[in-house]
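Chain residues, written in single-letter form:
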Amino acid sequence: QVQLVESGGGLVQAGGSLRLSCAASGRTFSSYTMGWLRQAPGKERESIAAINWSGSNTYYADSVKGRFTISRDNAKNTVYLQMNSLKPEDTAVYYCAATRFLISRIPVVTQYDFWGQGTQVTVSS
C-alpha cells in the first residue's frame, strides 16, 4: 500500500508555470511506476505523464508533451510535475497515482492502483 498527497496547485495566468509535488508514504515507493492524471469539469480522467521506478523512462500524452516534465526523487519519496506554458485548457484537478505495472508506454487510467486526493490547477486567459 502507498498513500499519496499532492500539493502545488493553484491559479496561474496562461503562459505561466506551476510545479506539482506528490509525497508518498511507505518504504516501497521506488518500486512503483508513478503517474499524473487530470480531470477537467465534464470530461473523463486523462493520463498525462508517467515515470518508471528508476526515473530513467518517462511518457507523456500528446496534449502535454514538450510543456510538462515528470520527475521523481526516490530518496524523498516524491514525484513532481513541472508544468510550463500553461493554457486555459490545462485547467483541471490533477491527481498523482501509483501502479506496480512495468510500463513501456503511458498507462491508462484503470492501470493505476493507488490515488491521491487531487489538487486544483486553474489557468486564466
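The structure presented is a predicted model; accordingly, all values stated were derived computationally and were not measured. (Residues numbered from 1 in each chain as written. Predicted model: local features only at pLDDT ≥ 70, side-chain atom pairs only at ≥ 80, totals over all residues. Heavy atoms only, no water.)

Q: What should I look at first to understand the pattern of salt bridges in this one?
A: Where charged atoms from two side chains of opposite charge approach closely, those side chains can pair. In total, this model carries four salt bridges according to the counting rule given. A salt bridge links Asp-90 to Arg-38; the shortest N-O distance between them is 2.8 Å. Of the two residues, Asp-90 sits in the loop between strand 8 (78-83) and strand 9 (92-99) while Arg-38 sits in strand 4 (residues 33-39), which places them 52 residues apart along the sequence. Each member of the pair, Asp-90 together with Arg-38, is buried. Close ionic contact of Arg-67 with Asp-90 constitutes a salt bridge, the shortest N to O distance being 2.7 Å. Placement of the pair is Arg-67 in the loop between strand 6 (58-60) and strand 7 (68-73) and Asp-90 in the loop between strand 8 and strand 9, with a sequence separation of 23 residues. Taken as a pair, Arg-67 and Asp-90 share a single burial class, namely buried. Through salt bridges with shared partners, a single ionic network connects Arg-38, Glu-46, Arg-67 and Asp-90. (Salt bridge = Lys/Arg side-chain N within 4 Å of Asp/Glu carboxyl O. Helix = DSSP H or I, 4+ residues; strand = E, 2+ residues; numbered from the N terminus. Buried < 20%, exposed > 50% of the residue type's maximum accessible area, 1.4 Å probe, protein only.)

Q: What's the story with unusual backbone geometry in this structure? I'm lost.
A: The bulk of non-glycine residues show a negative phi, and the bulk of peptide bonds are trans. Even without being glycine, Asn-77 reaches a positive phi, approximately 55 degrees. Among the structural elements, Asn-77 can be located in the loop between strand 7 and strand 8. According to the relative accessible area criterion, Asn-77 is buried, its value standing at 19%. Look at Ser-85: it is not a glycine, yet its phi comes out positive at around 50 degrees. Among the structural elements, Ser-85 can be located in the loop between strand 8 and strand 9.

Q: Looking at this structure, I do not really get the state of the cysteines. What am I missing?
A: Any covalent bond linking the sulfur atoms of two cysteines counts as a disulfide. This model, assessed by the stated rule, comprises one disulfide. Disulfide pairing is shown between Cys-22 and Cys-96; the S-S distance is 2.1 Å. With the S-S bond torsion at -75 degrees, the cross-link from Cys-22 to Cys-96 turns out left-handed. Of this pair, Cys-22 sits in strand 3 (residues 18-24) while Cys-96 sits in strand 9, and the two are 74 residues apart along the sequence. (Disulfide = S-S within 2.5 Å.)

Q: Explanation requested: the pairing of strand 9 in the structure shown.
A: A regular strand carries its side chains on alternate faces of the sheet. Counting buried residues along strand 9, seven of its eight residues qualify, which places the element largely inside the surrounding structure. Taken together, the seven bridges between strand 4 and strand 9 define a ladder with antiparallel strand orientation. Bridge pairing in strand 9 links Gln-39 to Val-93. Two strands pair when backbone bridges link them, and strand 9 and strand 11 (residues 119-124) are joined in this way by three bridges, in the antiparallel orientation. (Pairing = 2+ DSSP bridges.)

Don't take any of this as a statement about function, it's just geometry.
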